[in-house]
Amino acid sequence: MVSIHGDRPFVFRLWRLLEYLAVLATLCQIRVASERVHITVISGGFSDIENAASQMQCYRSSPSSSASRDFGRTAPIPSDTWPEPPAAGSFANSARPCFEPEDERFTRTVNVGDTGVIIQMIATGSPGCPFGTIVWRKDGGAPVSGQTTTTFTFSNPIVAEDEGIYEIHYSNMRGQGRGALYRIIARDCPAGKWGPTDCTRICDKCYNGGVCDDETGRQGINCETVPDVCDVGYYGPDCTDKCHCLNDAPCDKITGECPNQLCAPYFNIYDGVNCQECPGAFYGLGCVQPCHCDESTCDKVSGICTGQCLPNWVERDCQTGISSLTSIKVNPNQPSSLTCVVEGKPPPNEADVSLYRLMDGVRGDSGISRNQSSLDASGEKLMVVFTISQETSGEYECALYGDQASLSVDIMTYVLPVLEAAPTVTASTSSSLTIEWMAWNEQTDIGDPPVTEYITYYRIPGGNWNDGQMVAASMTSATLTGLDPDTDY
């Protein structure tokens, strides 16, 4: 195979010279409008492809100082050819190859983010194939480390850089050209998505072998020619609208409505009858689960994030963090408790969870103790309860793994209820007084509900207050006893 480089249109003739073996010569006339063109030449017998000396000779119709040629194992990608364009990505192997693709194809299109991608070759057992050490190369480069079987495994999700020509050969036979080539084309968007820069648009159905193009959404000859009956999973007048039903159930061929209006994960019905992709930072079945990151980095199916976690979730995938911090509202100067809920698969340990009081942005833990912890039924959420033994009002912060994630909350204390109107004396003796009052009213009196009880106090004018009778919230009178005769209270 030879690559011809040029900077302007030209016509050239090319043939293959072999010194000792029969030759299948190729005579081509190609008009080139691009800067680089690849021509595949097939010989009728063995030739040492790693020895380029005098193997290829190219003659141009007119000289050009900027044209050059090189030798290598690359697949041709035609562009603006004449009179007939060859098949895109086509190339030829030896008539007696040592390897062949198991799927009998030489090209495969994958998507960025695809997992479990492999290139599977089979050893043909042709005469002269040694069954020795297997070598894989990408784009004619150095041997790929760790790939020594007939299966080339992409251990990580596909990225754009995985695109290229993959070559397999026995370590001592590459020069004989009896290996095999396989081209991987990587779409820049995840499967089923397209759109410049963000890949947020959903691919429509392409027919007649068309492929969803990264930037236009469609590619292929007659890919918009609609069949008489929509394929399963599509609907609409052009059969190009995709159904999004639970368990891939077929939808109504006209409206797109799913059976029982049950949508696939990360789809839901917001208006009309069609299932629509989860809006904003939500994902999962019914679009009710919140993402833990910026919505642009959240996978709408799994909720896994690729960065920009919210402050209460831990980088990098945002799947471990603090889901809630709640407090109990208490009366002033009474002990309180806060519950910090952390989650993950598996959840963090109790010792990884801390609680602090924030005073002018400075952490303190005086009077705070870890009380108890428990897992929920799923085993993915750990609830850690902290007790606060002294003044409780103010801002508190739950922290995970030191300061990798945090969530804060203000503890509120009740404003004690106070009656606006003074009580009245309804009966008295030489040593007792019976008083009565109007029931506390949330609209007109001071304080926070609910009222749980009334406490009466009494004193001699200018003296200290003494505790009187305590009565239930349902009562509006009390009797003070043990009073001194002829004394003002």
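Residues numbered from 1 in each chain as written. Predicted model: local features only at pLDDT ≥ 70, side-chain atom pairs only at ≥ 80, totals over all residues. Heavy atoms only, no water.

Explain the pattern of salt bridges to me, please; I cannot follow it from the model alone.
Opposite charge on two side chains permits pairing when their charged atoms draw close. All told, the structure shown has 6 salt bridges when counted by the stated rule. Linking K329 and D448 is a salt bridge whose minimum nitrogen-to-oxygen distance equals 3.8 Å. Taken together, the residues K329 in the loop between β21 (321–327) and β22 (336–343) and D448 in the loop between β30 (433–436) and β31 (453–458) connect sequence positions 119 residues apart. A salt bridge links E350 to R370; the shortest N-O distance between them is 3.9 Å. Of this pair, E350 sits in the loop between β22 and β23 (353–359) while R370 sits in strand β25 (residues 368–375); the two residues are 20 residues apart in sequence, bridging distant segments of the chain. When its relative accessible area of 32% is taken as the criterion, E350 is described as partly exposed. (Salt bridge = Lys/Arg side-chain N within 4 Å of Asp/Glu carboxyl O. Helix = DSSP H or I, 4+ residues; strand = E, 2+ residues; numbered from the N terminus. Buried < 20%, exposed > 50% of the residue type's maximum accessible area, 1.4 Å probe, protein only.)

Even after reading the chapter, I still don't get a nonpolar patch on the surface, so can you show me in this structure?
Judged by side-chain polarity, I455, Y457, W465 and M470 come together as a nonpolar surface patch covering roughly 450 Å² of accessible area. In this fold, M470 is placed in strand β32 (residues 466–472). The class of M470 is partly exposed, set by a relative accessible area of 49%. (Patch = residues over 30% accessible without salt bridge, like charges linked within 9 Å, V, L, I, M, F, W, Y side chains within 5 Å. Areas by Shrake-Rupley, 256 points an atom, 1.4 Å probe, with all protein chains shown as cover.)

Even after reading the chapter, I still don't get unusual backbone geometry, so can you show me in this structure?
With the exception of glycine, most residues fall at negative phi, and the peptide bonds are largely trans. The peptide bond linking K345 to P346 adopts the cis configuration, its omega dihedral lying at 0°. Mapping P346 onto the fold places it in the loop between β22 and β23. Note the cis peptide between P449 and P450, where omega equals 0°. Positionally, P450 belongs in the loop between β30 and β31. Despite not being glycine, N247 has its phi angle at roughly 60°, a positive value. Mapped onto the elements of the fold, N247 is located in the loop between β16 (241–242) and β17 (267–268). With a phi angle near 55°, D360 is a residue other than glycine that sits in the positive phi range.

Can you walk me through the pairing of β22 in this structure?
Residues in a regular strand point their side chains to alternate faces of the sheet. Counting buried positions over the 8 residues of β22 gives 7, a clear majority of the element. Direction of pairing for β21 relative to β22: antiparallel, over a ladder of 6 bridges. Bridging across to β22, S324 finds its partner in V341. (Pairing = 2+ DSSP bridges.)

Please clarify how the packing of aromatic side chains should be interpreted in this entry.
For any two aromatic rings, the description comes down to two numbers: the centre-to-centre distance and the angle of the planes. If you walk through the whole model with that rule in mind, you get 8 aromatic pairs. Where F152 meets Y166, the ring centres are 5.0 Å apart and the plane angle is 65°; that geometry is what we call edge-to-face. Of this pair, F152 sits in strand β10 (residues 151–153) while Y166 is found in strand β11 (residues 164–170), placing the two residues 14 residues apart along the sequence. Of the two residues examined, F152 and Y166, each falls in the buried class. Joined through ring pairs, the aromatic side chains of W136, F152, F154 and Y166 make up one cluster. The ring of Y234 is capped by K242, whose NZ or CZ atom sits 5.6 Å from the centre of that ring. (Phe/Tyr/Trp six-rings, centres within 6.5 Å; stacked < 30°, edge-to-face > 60°. Lys NZ or Arg CZ within 6 Å of the ring centre and 35° of its normal.)

I tried to follow the state of the cysteines on my own but got confused; where do I start?
Scanning the model with the defined rule gives 10 disulfides in all. There is a disulfide in this structure between C291 and C298, and the S-S distance comes to 2.0 Å. Residues C291 and C298 are joined through a disulfide that is left-handed, its torsion about the S-S bond being -75°. By relative accessible area, which is 5% here, C291 ends up buried. A sulfur-sulfur distance of 1.8 Å marks the disulfide that ties C309 to C318. Handedness here is read from the sign of the S-S torsion; for C309 and C318, about -90°, the answer is left-handed. You'll find C309 and C318 in the same group, each marked buried. (Disulfide = S-S within 2.5 Å.)

Looking at this structure, I do not really get the nonpolar core. What am I missing?
As a rule of thumb, soluble globular proteins bury nonpolar side chains together. If you look at the biggest cluster of nonpolar residues, it comprises 20 residues, and the most contacted ones within it are I119, W136 and F154. Elements that contribute at least two residues to this core include exactly β8 (118–123), β9 (134–138), β11 and β12 (180–187). If you tally residues by element for this core, the top one is β12, at 4 residues. Ignoring anything within four residues of it in the chain, the contact list for I119 reads W136, T150, T151, F152, F154, Y166, Y182 and I184. Counting residues in each nonpolar core, the second largest holds 18 residues, with L325, V342, L355 and F386 among its members. (Core = buried A, V, L, I, M, F, W, Y, C linked by side-chain atoms within 4.5 Å. Contact = heavy atoms within 4.5 Å.)

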